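Tertiary structure, described
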Amino acid sequence: MKTLLLSLSSLIATTLFAADSPPVGAAAPDFSLPDASGKTQSLSQYKGKYVVLEWFSPDCPFVKKHYGSGNMQKLQGEYTGKGVVWLTIDSNAPGYEGNLSPEQAQKVMKDWNTKQTALLLDPDGKVGRSYSARSTPHMFVINPEGKIIYEGAIDSNGSASPADIPMSTNYVKVALNESMSGKPVSKDNTRPYGCSVKYK
C-alpha cells in the first residue's frame, strides 16, 4: 500500500501542474530570493557559471531518498567543488507540507549536512511558477551563458527507495559532465518525479 501511495504521489506531481517549463535552450528566467540566512541571491549574479536549480521539500519521501542516502550531498559537494553554483529552492506555501521558515531551513541544512551554495525560500511560489517547477526534486541545469541545458528528473529511477540509486543514471551529473567537457547534453529533458510542489 505504501508503495502504491508513493507512486500515486509521483503521478500527481507530474500531472497536476499543466504549464510547461521554459524549454531547453531558452534563457533561464532571472530571479532574486532570500536564502536561509536572509541574504538575497539572484540568478543573474552567477552569470558565467554553471548553475543547478533543485526544487526541495524536506517532508517528501523522494527528497529523503536522495538526502537520507547522502546522494544529494555528494552531488552538491562534487560540483560546487568544481565551481558550479547549486541553488536549492523551497516553493512550498506557508501552511503546507514542506514550507520552511528561515530558522527551519538553517536547521535542515545543518542536520542534513547539505552542501549546496544556498537554500532559497520562495513561499509565494513566484519563482517556482516561472519555471513551472512541479515536483520535489525537479532539476534544472543552466550553462554559463544563462541557457537551460537540462530540465527534468534527477535520475532515471522514479522510486522512493535509496536502494535504487546505484542502478540509476543521474541525469544532472551526466548533463554537467558532458557540457563541462564541451559536448552537447545527450539527454536534456526528462519527466520529473517526486511530490507535488505545494503552491498556495
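Here, the structure is the one placed above.
The structure reproduced in this document is the subject of the present report. (Residues numbered from 1 in each chain as written. Predicted model: local features only at pLDDT ≥ 70, side-chain atom pairs only at ≥ 80, totals over all residues. Heavy atoms only, no water.)

**Some remarks on the packing of aromatic side chains**
Tallied over the full model, the rule gives 9 aromatic pairs. Taken together, a centroid distance of 5.6 Å and an interplanar angle of 70° make the contact between Trp55 and Phe140 edge-to-face. Residue Trp55 is found in strand 3 (residues 51-55), and its partner Phe140 is found in strand 7 (residues 139-142); the two are separated by 85 residues along the sequence. With respect to class, Trp55 is no different from Phe140; both count as buried. Here Tyr67 and Trp112 contribute two aromatic rings whose centre-to-centre distance is 5.3 Å and whose plane-to-plane angle is 45°, an arrangement assigned as tilted. A residue pair is termed long-range when its members are at least 10 positions apart, and Tyr67 in helix 2 (residues 61-68) and Trp112 in helix 4 (residues 102-112) qualify at 45 residues. (Phe/Tyr/Trp six-rings, centres within 6.5 Å; stacked < 30°, edge-to-face > 60°. Helix = DSSP H or I, 4+ residues; strand = E, 2+ residues; numbered from the N terminus. Buried < 20%, exposed > 50% of the residue type's maximum accessible area, 1.4 Å probe, protein only.)

**Side note on the state of the cysteines**
Applying the stated criterion across every chain, the model contains 1 disulfide. For Cys60, the disulfide goes to Cys195, at an S-S distance of 2.3 Å. One disulfide, between Cys60 and Cys195, carries an S-S torsion of 85° and so falls in the right-handed class. Residue Cys60 is found in the loop between strand 3 and helix 2, and its partner Cys195 is found in strand 9 (residues 195-196); the two are separated by 135 residues along the sequence. The class of Cys60 is buried, set by a relative accessible area of 0%. (Disulfide = S-S within 2.5 Å.)

**Details of the sheet that holds strand 4 (residues 85-90)**
Read from one edge to the other, the open sheet built from 5 strands follows the order 5-4-3-7-8, with strand pairing classed as mixed. Single-partner strands in this sheet number two, and they are strand 5 (118-121) and strand 8 (148-152). Each strand axis lies, on average, 20° off the axis of its neighbour in the sheet, ignoring direction. Both strand 3 and strand 7 contribute to a ladder of 4 bridges, which runs antiparallel. The partner of Val51 across the bridge, within strand 7, is Ile142. (Pairing = 2+ DSSP bridges. Axes fitted to C-alpha atoms, helices over the stretch in contact; angles between N-to-C directions.)

**Digging into helix 3 (residues 71-80)**
Every buried residue of helix 3 is listed here: Asn71, Met72, Gln73, Leu75, Gln76 and Tyr79. Elements in contact with the buried residues of helix 3: strand 3, helix 2, strand 4, helix 4 and helix 6 (171-180). (Contact = heavy atoms within 4.5 Å.)

**Side note on the packing of helix 3 against helix 6**
The description of two helices packed together rests on the angle between their axes and the distance between the axes. Contact geometry of helix 3 with helix 6 gives a least axis separation of 12 Å together with a crossing angle of 15°. Classed by the angle they form, the pair helix 3 and helix 6 counts as roughly parallel. In this structure, the crossing between helix 3 and helix 6 has a hand that is left-handed. Side by side, helix 3 and helix 6 meet where Leu75, Glu78 and Tyr79 of the first sit next to Lys173, Leu176, Asn177 and Met180 of the second. Residues that form the contact of helix 3 with helix 6 fall into these classes: 4 nonpolar, 1 polar and 2 charged. (Parallel < 35°, antiparallel > 145°, perpendicular 65-115°, else oblique. Left-handed = near helix turned anticlockwise from the far one by under 90°. Nonpolar A, V, L, I, M, F, W, Y, C, P; charged D, E, K, R; others polar.)

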